[in-house]
Amino acid sequence: MEKFRYLPNVSTLKLDESLCIGCGSCTLVCPHSVFTMNEKKAHIADFDGCMECGACMNNCPVAAIDLRPGVGCAAAIIQSWFKGKVGVSCETETCC
Amino acid sequence: MATTSGPIPRIKTELDKRDRIGSLLVRLGANRNNYKVSPGLYALGRPDSESVVLVTANYKLTFDTLRKALNGLNAWLLVLDTRGVNVWCAAGKKNFSSEEVILQVKNAHLDQLVSHRKLILPQLSATGVSALKVKKGCGFEVVWGPIQAGDIKSFLAAGFQAGKAMRQVTFTLSERLVLTPVEISQTLKSLLWLIPLMFLLSGIGPDIFSLANLWQRGVPVSLAVVLGVLSGTVLTPALLPWIPFRAFSVKGALAGLLVGLGLMLFSLKTIAFLPALALILLTVTLSSYLAMNFTGCTPFTSPSGVEKEMRQAIPLQSVAACLGLILWFISAFVRTPV
Ligand code: SF4
Ligand code: SF4
């Protein structure tokens with residue numbers, strides 16, 4: 001996946017390492033291997049690989065991870081501009 | 001198959017002709033919303049109380065890929081009601097959710113059927129499912145399986161271990177191209193009015209409205225529209241990793257420029273500078289806009305990134321589109337052969 005890179009420095013991903021209990025869930029669920037484990041703590045190894053899917057936040061048992069999840073889809077974002085909703089997912093049939 | 005929890009349908013691991021034709025139609029965009037599998041528990045091979053339980057979506061293509069990949073295995077397949085949508089998108093929409101997993105586990109009386117307490121879920125469902133909630137809700141532990149169904153056998157053989165490669169999404173040429181028929185058909189549905197409109201507009205000229213103009217100018221401008229659509233929905237996705245720049249709108253514009261220039265080169269002797277410029281602008285803009293829309297199909301664009309890109313690209317695209325149209329209009333009145 002290293003071949004595919006999107007805009008850098010935009011992700012809302014934040015990790016509070018002091019809260020992390022080192023369960024490793026985030027390394028299992030992240031589809032872009034953003035996290036690595038080091039001495040029983042998770043670290044963000046590839047910040048720009050994050051696509052803000054929210055899987056890590058959803059599965060961190062101690063809420064050490066925070067971000068604004070959503071789908072990176074132009075159609076969905078246009079919708080959210082008009083409807084003023086945050087983090088809409090694709091309700092249109094155009095995508096998945 | 002009869003069990004302590006009542007009869008459970010057994011499924012084949014081979015796909016027949018009907019499955020194949022059906023999947024082709026789905027790929028082409030026909031009745032995508034009606035290609036569902038009934039939710040519930042299915043038996044694969046001859047599973048017993050020790051057999052693994054795999055959880056999946058009720059999108060027929062997902063279900064077919066999975067059962068084919070599991071050929072020769074004895075396992076339980078728990079199909080959720082994801083409204084006929086694939087795993088990742090359903091998880092994003094929260095239809096592939098912790099609650100749905102818990103509901104189906106209970107409906108199937110899974111706790112009486114198997115002696116272990118493990119569910120294998122596709123990793124990509126993690127955006128919708130919280131392992132913690134599932135454990136609390138039904139007592140089953142979630143094991144995150146690999147992304148690709150084809151990796152499940154080796155995942156099982158390795159004792160529920162997935163290597164880094166199995167955990168990363170891919171976006172290969174074929175994975176990108178399989179998306180394009182749907183993209184094109186959706187785009188055509190919403191842009192088909194554009195071509196007759198362009199033909200009509202092309203008729204307007206010094207003699208107010210002429211059929212000769214309509215034909216002479218309508219053909220190239222429609223060609224420019226069609227090429228813009230193809231460039232944005234097929235060429236850009238296909239060449240995605242090789243086109244420079246990260247913003248999809250820029251990639252699309254570059255591809256459109258290439259195609260537009262190609263068209264002009266082809267018709268160099270018959271077209272003047274002004275209309276040529278107008279047509280290239282139209283192709284580039286369409287291609288750029290449609291390429292930007294392709295972000296929704298990729299597994300790596302973040303919403304923050306797409307939003308940032310759109311805020312910059314949409315004003316430019318609007319200006320370029322208006323400029324193209326104005327030039328196209330003006331060129332009809334300029335005394336050069338079109
Ligand atoms: S939001 Fe998704 S891509 Fe980003 S770090 Fe979390 S799991 Fe990985
Ligand atoms: S999921 Fe949370 S607690 Fe577990 S390793 Fe990641 S950050 Fe740490």
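Here, the structure is the one placed above.
Residues numbered from 1 in each chain as written. Chains lettered and ligands numbered in written order. Predicted model: local features only at pLDDT ≥ 70, side-chain atom pairs only at ≥ 80, totals over all residues. Heavy atoms only, no water.

Trainee: Give a detailed account of the site of ligand 2, specifying residues and quantitative values.
Mentor: Residue and element names in this part refer to chain A. Near ligand 2 you find 14 residues, and of these C20, C23, G24, C26 and C60 are the closest. Counting atoms within 2 Å of the grid points, the majority share of ligand 2 lands in the second largest cavity. In the shell around ligand 2, the residues fall into 11 nonpolar, three polar and no charged. (Near = heavy atom within 4 Å. 1 Å grid on protein atoms, 1.4 Å probe; cavity = no way out; pocket = protein on both sides within 12 Å on 5 of 7 lines; lining within 4 Å. Sits in = over half its atoms within 2 Å of the grid points. Nonpolar A, V, L, I, M, F, W, Y, C, P; charged D, E, K, R; others polar.)

Trainee: How would you sum up empty space enclosed by the protein? Please name residues and give values.
Mentor: Residue and element names in this part refer to chain A. With the rule as written, the count across this model stands at five cavities of 30 Å³ or more. In this structure, the largest cavity encloses a volume near 90 Å³. As for the largest cavity, its lining consists of 13 residues, of which C30, V34, C50, C53 and C56 are closest to the centre. Taken together, the residues that form the lining of the largest cavity break down as 11 nonpolar, one polar and one charged. Counted as a void, the second largest cavity has a volume near 70 Å³. (Points joined across faces, edges and corners; volume = space filled by probe spheres on them.)

Trainee: Got a sec to walk through the pattern of salt bridges? Specific residues and values, please.
Mentor: Residues and elements named next belong to chain B. The tally for this structure, following the rule as stated, stands at four salt bridges over all chains. Here E307 makes a salt bridge to R311, at a shortest N to O gap of 2.8 Å. In this pair, E307 and R311 are both assigned in helix 15 (residues 303-333), four residues apart and thus about one turn of the helix distant. By relative accessible area, which is 18% here, E307 ends up buried. A cluster of three or more residues bridged by salt bridges with shared partners is formed by K60, D64 and R67. (Salt bridge = Lys/Arg side-chain N within 4 Å of Asp/Glu carboxyl O. Helix = DSSP H or I, 4+ residues; strand = E, 2+ residues; numbered from the N terminus. Buried < 20%, exposed > 50% of the residue type's maximum accessible area, 1.4 Å probe, protein only.)

Trainee: Mind laying out the interface of chain B and chain A, listing which residues take part and the relevant values?
Mentor: Between chain B and chain A, the contact holds 53 residues from the first and 42 residues from the second. Buried surface at the junction of chain B and chain A, both sides included, amounts to about 4,100 Å², of which 60% is carbon and sulfur. For the chain B face of the interface with chain A, the top three residues by lost area are R246(B), F300(B) and P303(B), together amounting to 17%. At the boundary of chain B and chain A, one finds zero salt bridges. The interface formed by chain B and chain A contains 18 residue pairs in polar contact (both at pLDDT 80 or more). Listed by contribution, the elements that provide at least two residues to the side of chain B that touches chain A are helix 3 (87-92), helix 6 (131-138), helix 8 (164-167), helix 10 (180-191), helix 14 (273-293) and helix 15 of chain B. (Contact = heavy atoms within 4.5 Å. Buried area = accessible area lost by both parts, 1.4 Å probe. Polar contact = N/O pair within 3.5 Å; in protein donor to acceptor, adjacent residues only side chain to side chain.)

Trainee: Go over the layout of surface pockets with me, naming the residues and quoting the values.
Mentor: Considering only enclosed or pocket space, the second largest pocket measures out at about 750 Å³ in volume. Considering the residues around the second largest pocket, the lining is formed by 30 residues, among which L191(B), L286(B), Y289(B), L290(B) and N293(B) are closest to the centre. Mapped by element, the contributors of at least two residues to the lining of the second largest pocket are helix 3 (74-83) of chain A together with helix 10, helix 11 (194-203), helix 14 and helix 15 of chain B. Looking at the lining of the second largest pocket residue by residue, the classes come out as 19 nonpolar, nine polar and two charged.

Trainee: Describe in detail unusual backbone geometry, supporting the description with residues and values.
Mentor: Residue and element names in this part refer to chain A. Even without glycine at this site, E52 takes up a positive phi of about 55 degrees. Assignment of secondary structure puts E52 in the loop between strand 3 (41-44) and helix 2 (55-59). Residue E52 is classed as buried on the basis of its relative accessible area, which comes to 0%. The phi angle at A63 is positive, at roughly 55 degrees, despite the residue not being glycine.

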